[in-house]
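The chain contents come next:
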Amino acid sequence: MRSELGRASARERLELPGGHPLRRRRGAAMHGLARGLWRAAAPGRLSAPRRGGGSARARPWGWGLTLGLALGVKVPTPPGCEADGGQEAETNPQPPPRGFGAAIERSRDLLRRIKDEAGIPGILVGVSVDGKEVWSEGLGYADVENRVVCKPETVMRIASISKCLTMLAVAKLWEEGKLDLDAPVQKYVPEFPEKIYEGEKVAVTTRLLVSHLSGIRHYEKDITKVKEEKENRARKLTKPCQDKEQKEKEGKEIEKTDSVKPRKEHEGEVKSRNSKLGKRDKEFEQEEYYLKEKFESVIESLKIFKNDPLFFKPGSQFLYSTYGFTLLSAVVERVSGQKFTDYMLKMFRDLDMLSTVLDDNEAMIYNRARCYVYNKKGRLVNAPYVDNSYKWAGGGFLSSVGDLLKFGNALLYSYQVGQFKNTNGKLLPGYLKPDTVAMMWTPVPKTEVTWDRDGKYAMAWAVVEKKQQYGCCRQQRHYASHTGGAVGASSVLLILPEELDSEAIDTGLVAPPRGIIVSIICNMQSVSLNSTALKIAREFDKEKWAQYVD
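Residues numbered from 1 in each chain as written. Predicted model: local features only at pLDDT ≥ 70, side-chain atom pairs only at ≥ 80, totals over all residues. Heavy atoms only, no water.

Some details on the overall build of the protein chain
A tally of helices and strands in the protein chain yields 17 helices and 18 strands. Residue burial in the protein chain is summarised as follows: out of 550 residues, 48% are buried. Within the protein chain, contacts between residues separated by at least 24 positions form 71% of all contacts whose residues are at least 6 apart in sequence. Working note: accessible area of the protein chain is about 28,500 Å², and carbon and sulfur atoms make up 51% of it. (Helix = DSSP H or I, 4+ residues; strand = E, 2+ residues; numbered from the N terminus. Buried < 20%, exposed > 50% of the residue type's maximum accessible area, 1.4 Å probe, protein only. Contact = heavy atoms within 4.5 Å. Areas by Shrake-Rupley, 256 points an atom, 1.4 Å probe, with all protein chains shown as cover.)

This is how it looks when you write it as structure tokens:
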């Protein structure tokens, strides 16, 4: 009897306007949802007559899914589409929103290539266009052992994107007149000792901290190694090609090791799993990356570095420092009068970032992914246990791609809203003032950016400015981004603002935010994602303008 009913329901279908059939879903619940959605879309119409079909298979997730997405309905994965234990885990791709199908397909293909090349277990992506999320998807596994697939709601370590979140808190307190960016930090945190550099008393300020110009060390304690690394980086920038002598030396070494070439190639493959796309692998060799001690307060965590000497005079050189942001969290705590973590969680609630939380090992955090690394034998293993309570501000938050898009849109809205003059007060103010975001995104002299040579560091953001040297040649778009690398995780958040046209603004036909935002997170360390995010942003930007032309 049951099989007969199943065959009968497969034959039945609803005829809808425009010649698009909605074939009935087995079971009354889905049939009722489809009928309700159709009636909502075409009120006043009579129910379409039922008509017997042939032997065609039921396709309940075609037109119904598309209409559900158009109305903002979240549709669950159909039964039978769950990943098999022995198959590649990918959430079943949902039909793309109208207008961005080609960009989504090309971007998904690009992500799959990156995922396969770097051996990433799971990767998340989210894209918004002009303030609306148009694509979010998870590829691969959030938990390899238990075969839990990635989905848009999956939560992962966002690493140094945490610095951007902390900067938002700093900017808000500065706007409110509570924080002086140019006052010595001892004004707020007397526990941090005054510093002497080469016999001279020097001042470390909040402004220097947010741009990594304070002289406070990163994870490496040996100043000699830090100077050598900076010199090597500068040499690579000025001499992109190896000199002839080095090439000859390498050629001789290849000839000598010809007999063991297969073994060496295998070792190279294994090593490249962790380093092919990453540019900061040496960083993960530092012991302090793997601290397991739980710190009860941000003031307590200052003991790790507060008595160490400065590596250079504040303001004279750039040195990326997560510990500088640990000190910054103490400043935020004292200025706000609240625990740093409490203040940040309240801010996340104001921004509607409900999936963004502390990377607390003890807490039950729904949709949290596991973190992974490759061991010396090239095998995938769980990342070592770490406690990130010593660096909440610089790399201690978890989030989803959807939450990062909300954060990016809040900033982009704040940045652009001041340019829309003829709105008769209809637009709400941004979370920050436009001038504040402009200050945050203004490149600071003497800084550098490792993930994009065209950029400079600003205030907790890397910024690339608009530039074109030659006609019909490469155009450099203005954008802001930040990448992140943590134990078992990599991330990027990129904001590509639209170049606003004054005529369009004055007509009131467009409203902020205008631009593309891309967020990518994965549960594998040492994966460089900024160039991938920029390519994806350009794909969506290109397709967005193609729609205007059409």
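Comments concerning the sheet that holds strand 6 (residues 148-149)
Taken together, the eight strands give an open sheet; going across it, the order is 6-5-4-18-17-16-15-14, and neighbouring strands pair in antiparallel fashion. With partners counted over all chains shown, the strands left at the sheet margins are strand 6 and strand 14 (456-457), one partner each. Packing against the sheet, helix 5 (residues 161-175) makes contact with strand 14, strand 16 (479-486) and strand 17 (489-497), and its axis sits at approximately 125° to strand 16. Packed onto the sheet, helix 14 (residues 401-416) meets strand 4 (122-129), strand 5 (132-143), strand 17 and strand 18 (515-522) and runs at close to 150° relative to strand 18. (Pairing = 2+ DSSP bridges. Axes fitted to C-alpha atoms, helices over the stretch in contact; angles between N-to-C directions.)

Observations regarding helix 11 (residues 322-336)
Across its 15 residues, helix 11 extends 21 Å between first and last C-alpha, which sits within 8% of the 21 Å expected from 1.5 Å per residue. Where burial is concerned, most of helix 11 is hidden: 14 out of the 15 residues are buried. A distance of 3.4 Å separates the backbone nitrogen of Tyr 323 from a side-chain oxygen at the start of helix 11, and that oxygen is part of Ser 321. Gly 337 sits one or two positions beyond helix 11 and adopts a positive phi of about 75°. (Expected span 1.5 Å × (residues − 1). Polar contact = N/O pair within 3.5 Å; in protein donor to acceptor, adjacent residues only side chain to side chain.)

Digging into the side chain of Glu 175
Counting through the fold element by element, Glu 175 comes out in helix 5. No salt bridge is formed by the buried Glu 175; the nearest opposite charge belongs to Lys 172, separated by 4.4 Å. Within the local environment of Glu 175, its side chain forms a polar contact with the backbone nitrogen of Lys 433, the two atoms lying 2.6 Å apart. Excluding anything up to four places from it in sequence, Glu 175 contacts Tyr 431, Leu 432, Lys 433 and Thr 436. (Lys, Arg positive; Asp, Glu negative; His and termini not counted. Salt bridge = Lys/Arg side-chain N within 4 Å of Asp/Glu carboxyl O.)

Structural notes on the environment of Ser 528
With respect to the secondary-structure elements, Ser 528 resides in the loop between strand 18 and helix 17 (530-549). Sequence separation of Ser 528 and Gly 485 is 43 residues, and the distance between their C-alpha atoms is 8.6 Å.

Here's the deal with the packing of helix 5 against helix 11
Two measures define how a pair of helices packs: the angle their axes make with one another and the distance between the axes. At a closest axis distance of 10 Å, the pairing of helix 5 and helix 11 adopts a crossing angle of 35°. As helix 5 packs across helix 11, the resulting crossing turns out to be left-handed. Along its contact with helix 5, which presents Lys 163, Thr 166, Ala 169, Val 170 and Leu 173, the element helix 11 presents Thr 322, Phe 325, Leu 328, Val 332, Val 335 and Ser 336. When grouped by side-chain class, the residues that make up the contact of helix 5 with helix 11 number seven nonpolar, three polar and one charged. (Left-handed = near helix turned anticlockwise from the far one by under 90°. Nonpolar A, V, L, I, M, F, W, Y, C, P; charged D, E, K, R; others polar.)

Interpretation in functional terms is not warranted from these geometric data alone.
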